[in-house]
Amino acid sequence: MDTQPTAAATPQQPDEITREVVDLMANLVALFHREYEDAAAARSLTGAQAKVLALLRRGPMPMRQIAQTLSCEPSNITGIVDRLESRGFVTREADRQDRRVKLVAATDTGSAASEELRESLNFAREPLAALGPDERTVLRDLLRRMLAGAAGPGA
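Note that residues are indexed from 1 along each chain, following the sequence as it is written. Given that this is a predicted model, residues contribute local features only at a pLDDT of at least 70 and side-chain atom pairs are listed and counted only at 80 or more, while totals for whole chains, interfaces and linings are drawn from all residues. Derived side-chain values reflect all non-hydrogen atoms in the structure, with water molecules and hydrogen atoms excluded from consideration.

## Comments concerning the packing of aromatic side chains
Inclusion rule: Geometry of aromatic contacts follows a simple scheme: Phe, Tyr and Trp rings, the Trp one being its six-membered ring, pair when their centres are within 6.5 Å, and the pair is stacked under 30 degrees between planes, edge-to-face over 60, tilted otherwise. Note on conventions: DSSP H or I runs of at least 4 residues are helices, E runs of at least 2 residues are strands, and numbering of each starts at the N terminus.
Under the criterion given, the structure shown has one aromatic pair. Taken together, a centroid distance of 5.4 Å and an interplanar angle of 35° make the contact between F32 and Y36 tilted. Here F32 and its partner Y36 are both found in helix 1 (residues 16–42), four residues apart, which amounts to about one turn of the helix.

See the structure below:
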């Protein structure tokens with residue numbers, strides 16, 4: 001009987017460069033989240049409310065899709081949307097193709113608030129300013145490849 005471990009059973013240990021890259025990415029993500037939460041709070045929004053408004057820049061979206069995109073329970077999205085709706089930032093409408101589905105859409109006020117928040121974020125501008133245009137393009141392409149790889153084949 002062969003008792004040798006298979007390649008799939010023995011995970012490869014990350015090298016030092018990989019560890020450092022992961023640590024640096026974690027630091028950037030933490031910086032982004034801190035600044036994003038502060039920018040949202042300055043506009044009397046929670047981070048979750050700001051994220052919903054940012055998602056709605058793509059257009060009206062079913063509440064279930066918002067929940068899936070933000071990896072949270074649909075009941076949480078209901079409360080977030082309730083508060084955004086009470087402030088005039090979003091509206092809810094029945095989907096024309098399936099009236100059981102509620103679509104959430106940003107109002108002009110909600111879109112303006114989301115855009116103002118986005119413009120106020122210095123996080124992306126400041127660290128990326130250290131890179132030239134060609135370096136930013138390479139970084140963008142590498143991040144796209146990483147995300148595509150994380151999504152798995154055929155995703």
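## What about a nonpolar patch on the surface?
Heads up, the condition is: Each patch is assembled from residues with relative accessible area greater than 30% and no salt bridge, linking like charges that lie within 9 Å and nonpolar side chains (Val, Leu, Ile, Met, Phe, Trp, Tyr) that lie within 5 Å. Working definition of accessibility: Shrake-Rupley area with a 1.4 Å probe, residue cover restricted to the visible protein chains. By convention in these notes, a salt bridge is any Lys or Arg side-chain nitrogen within 4 Å of a carboxyl oxygen on Asp or Glu. Relative accessibility decides the category of a residue: with a 1.4 Å probe and only protein chains considered, values under 20% of the type maximum give buried, values over 50% give exposed, and everything between is partly exposed.
A contiguous nonpolar surface patch, about 640 Å² in accessible area, is contributed by I17, V21, V22, M25, L128, L139, L143 and M146. Elements with a minimum of two residues in the nonpolar patch: helix 1 and helix 7 (133–151). Along the chain, the position of M25 falls in helix 1. According to the relative accessible area criterion, M25 is partly exposed, its value standing at 32%.

## Points about the pairing of strand 3 (residues 102–106)
Short version of the rule: Pairing between two strands is assigned when DSSP locates at least 2 bridges connecting them.
As paired elements, strand 1 (residues 61–62) and strand 3 share two bridges and run antiparallel to each other. Within strand 3, the residue paired with P62 across the bridge is L103. Where strand 2 (residues 90–94) lies against strand 3, five bridges are found, and the strand directions are antiparallel. Note that in strand 3 the partner of A94 across the bridge is K102.

## Regarding unusual backbone geometry
Comment: phi is negative for the bulk of residues other than glycine, and the bulk of peptide bonds are trans. Not every positive phi belongs to a glycine, and S44 is a case in point at roughly 60°. Following the sequence through the fold, S44 ends up in the loop between helix 1 and helix 2 (47–55). On the basis of relative accessible area, S44 is assigned to the exposed category, the value being 54%. Of note, the phi angle at S71 is positive, near 55°, even though the residue is not glycine. Note that S71 resides in the loop between helix 3 (63–69) and helix 4 (74–86). On the basis of relative accessible area, S71 is assigned to the exposed category, the value being 67%.

## With respect to the side chain of D95
Rules: Positive charges come from Lys and Arg, negative ones from Asp and Glu, while His and the chain ends are left out of the count.
Structurally, D95 is set in the loop between strand 2 and strand 3. Buried charge without a salt bridge: D95, with R96 as the nearest opposite-charge side chain at an N-O distance of 7.4 Å.

## Regarding the sheet that holds strand 3
In plain terms, the rule: A contact between two residues is defined here by any heavy atoms of the two lying within 4.5 Å. Angles here are taken between N-to-C directions and fall from 0 to 180 degrees, while the axes themselves are lines fitted to C-alpha atoms, restricted in helices to the stretch in contact.
Judged by pairing direction, the sheet is antiparallel, and its three strands sit side by side in the order 1-3-2 without closing on themselves. Each edge of the open sheet is held by one strand with a lone partner, namely strand 1 and strand 2. Of the strands in this sheet, strand 2 and strand 3 are in contact with helix 4, which crosses strand 2 at around 115°.

## Looking at the nonpolar core
Applicable threshold: In these notes, a set of buried Ala, Val, Leu, Ile, Met, Phe, Trp, Tyr and Cys residues joined through side-chain atoms within 4.5 Å is what counts as a nonpolar core.
By size, the foremost hydrophobic cluster in this structure holds 23 residues, and its most contacted members are L45, I66, I77, L84, V90 and L117. Every element with two or more residues in this core is listed here: helix 1, helix 2, helix 3, helix 4 and helix 5 (108–120). For I77, the residues in contact, after removing those within four places along its chain, are V52, M63, I66, A67, L70 and C72.

## Quick notes on the pattern of salt bridges
Under the definition given, this model contains six salt bridges. Note that E16 and R19 form a salt bridge whose closest N and O atoms lie 2.7 Å from each other. Linking E16 with R19, this pair stays in helix 1, spanning three residues, or about one helical turn. R92 is the salt-bridge partner of D82, the closest N and O atoms lying 2.2 Å from each other. A residue pair is termed long-range when its members are at least 10 positions apart, and D82 in helix 4 and R92 in strand 2 qualify at 10 residues. Overlapping salt bridges bring together D82, E85 and R92 as one network.

So, to be careful, I would describe these as geometric facts and stop short of saying anything about function.
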